[in-house]
Every structure is written in structure tokens, then in C-alpha cells.
Amino acid sequence: KAQNPLITMTMGMLSKHLKDTLRLNQEDIRYVPPKTIVDTNFLGPCFGVIIYDKEHQRAYAGHFPNPERGSLVLLVNKAIFGIGNPENLDVFCVGNSPMGSLEDVHNRYVQETNNERQFVVSTLEKYGFDKSKTIFRLTSRPEQYAKLKLDADSGKTEYTLFSNRSKKPLYKGSISKV
């Protein structure tokens, strides 16, 4: 049977506006092409990192339980060789809430979390990323977790900060306006 031309035209118009959403799982490192929204998924103690090429509307993104195990360096190398000069790329880092009770956090986990955060900062510096184009939104309490979405076409971000103590997000909006 022949399709109704009006239905065919409407579906074609809709498909141009629909975007794929790429949701990351732990240990994922993914290329994010134009017309895609990347979602780091929920980040408690994990790091989510998105390296974005605004000019060509593409990115690389990763979800890391521990960025020091080589996975962050792999993401950085893929971004540099796959999408461009690190000085021209925007970087968004989210997550990394300390784990354990508040007493544990103030003892054992504080040092571990600080080491991971410092590793991320020093890795980005080592590979030549511009500090003024890097945004960190790292959670500070064990009951907090976050997620970040980036629309590769527009560069718009949606950062959401949650707490185990509330059904509503503590914050939802652009990562640059937190």
C-alpha cells in the first residue's frame, strides 16, 4: 500500500528534530556525534567527563569509577586525536561524591577523593586543556549524586544534583549557572 503523503512528510519533519540519546554506563568511553545528546547517567562516587568540540558539535564522554586506572587518559587521548586541539575544547567534570558515613568521609575517604580529583585536574593540565574552558561540579557529601547531559548540536548542558534525602533534585539547569 502507498503511504499517505501527509503522514510521510510529517514523519520526515519529526525525524529531523529527534536526537539520539547516548547513556553512559560505568567504564564507558564513547564518541558523541552531532545530533546526539550524551547522558553521563547517575554519578555517585564516579566521575563523568565530557570533552566537547563546540565548532564541530561533537564530543567524547566517559563514566569512570576510578579515573586513575587509565580510563581518563584514554578518554583524553581519544578526544585529542579524534576531535581536536585541547586548547579549543570545553571540558565538563561532574560527580565524585565521597562514599561512606560522614565520619568515614572525614577520615579515610577524604584523602582518596582528593587524590582522584587532583589526578583529573593534573591530567587535563598535562595534556594542555584550557582551565578557563573547564568546569568542575563535584559533589561534596556522601548522600549527593549527579548527572550531566550535553546536547552536541547546541552545546547546552543540563546538570542535575540529587540527594538521597529528597525526592526533588537540589538543582537542575545549566552546569555553568550552578
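Calculation criteria
Residues numbered from 1 in each chain as written. Predicted model: local features only at pLDDT ≥ 70, side-chain atom pairs only at ≥ 80, totals over all residues. Heavy atoms only, no water. Helix = DSSP H or I, 4+ residues; strand = E, 2+ residues; numbered from the N terminus. Buried < 20%, exposed > 50% of the residue type's maximum accessible area, 1.4 Å probe, protein only. Areas by Shrake-Rupley, 256 points an atom, 1.4 Å probe, with all protein chains shown as cover. Phe/Tyr/Trp six-rings, centres within 6.5 Å; stacked < 30°, edge-to-face > 60°. Lys NZ or Arg CZ within 6 Å of the ring centre and 35° of its normal. Pairing = 2+ DSSP bridges. Axes fitted to C-alpha atoms, helices over the stretch in contact; angles between N-to-C directions. Contact = heavy atoms within 4.5 Å. pLDDT = per-residue confidence, 0-100.

S.K.: Tell me about the overall build of the protein chain, and please be specific about residues and values.
M.R.: Within the protein chain one finds 3 helices and 10 strands. Counting all 178 residues of the protein chain, 41% fall into the buried class. Carbon together with sulfur atoms contributes 51% to the accessible area of the protein chain, which is approximately 10200 Å² in total.

S.K.: Can you break down the packing of aromatic side chains residue by residue, with the values?
M.R.: The full count for this structure, using the stated rule, is 5 aromatic pairs. Summarising the aromatic geometry, the rings of Tyr145 and Phe162 are spaced 5.0 Å apart at their centres and angled 15° between planes, so their arrangement reads as stacked. Highlighted residues: Tyr145 in strand E8 (residues 144-151) and Phe162 in strand E9 (residues 157-163), separated in sequence by 17 residues. The buried category is assigned to Phe162, whose relative accessible area is 15%. Site record: aromatic cluster; members linked through ring pairs are Phe42, Tyr145 and Phe162. Geometry around Phe42 places Lys147 over its ring, the cationic atom sitting 4.5 Å from the centre.

S.K.: Tell me about the sheet that holds strand E7 (residues 134-138), and name the residues and values.
M.R.: Taken together, the 5 strands give an open sheet; going across it, the order is E2-E5-E4-E6-E7, and neighbouring strands pair in mixed fashion. Taken across any chain shown, the strands that pair with only one partner, and hence form the sheet edges, are strand E2 (29-32) and E7. Between one strand axis and the next, the sheet turns by 10° as a mean value, whatever way the strands run. Examined bridge by bridge, strand E4 (residues 47-53) and strand E6 (residues 90-95) share 6 bridges and lie antiparallel to one another. Across the sheet, the residue bridging to Tyr52 is Asp90, located in E6. This element, helix H2 (residues 71-83), spans E2, E4 and strand E5 (58-64) of the sheet and lies at about 175° to E5.

S.K.: Can you tell me about the sheet that holds strand E3 (residues 36-39), naming the residues and giving the values?
M.R.: One open sheet accounts for 5 strands, arranged E1-E3-E8-E9-E10; its pairing is mixed. The open sheet has two edge strands, strand E1 (20-23) and strand E10 (171-173), and neither has a second partner. Sheet twist, expressed as the average angle between the axes of neighbouring strands with direction ignored, equals 15°. As paired strands, E1 and E3 are joined by 4 bridges and run parallel to one another. Bridge assignment links Asp20 to a residue of E3, and that residue is Thr36.

S.K.: Hey, could you go over the confidence of the model for the protein chain for me, with residue numbers and the actual values?
M.R.: Per-chain confidence: the protein chain averages 84 in pLDDT, with 81% of residues scoring 70 or above. When the criterion is pLDDT under 50, residues 7-16 qualifies, and its contacts beyond four places in sequence or with other chains add up to 1 contact.

S.K.: Describe the environment of Phe136, with residues and values.
M.R.: Along the chain, Phe136 turns up in strand E7. With 43 residues separating them in the primary sequence, Phe136 and Cys93 have C-alpha atoms 4.8 Å apart. In contact with Phe136, other than residues within four places in its own chain, are Cys93, Val120, Val121 and Leu124.

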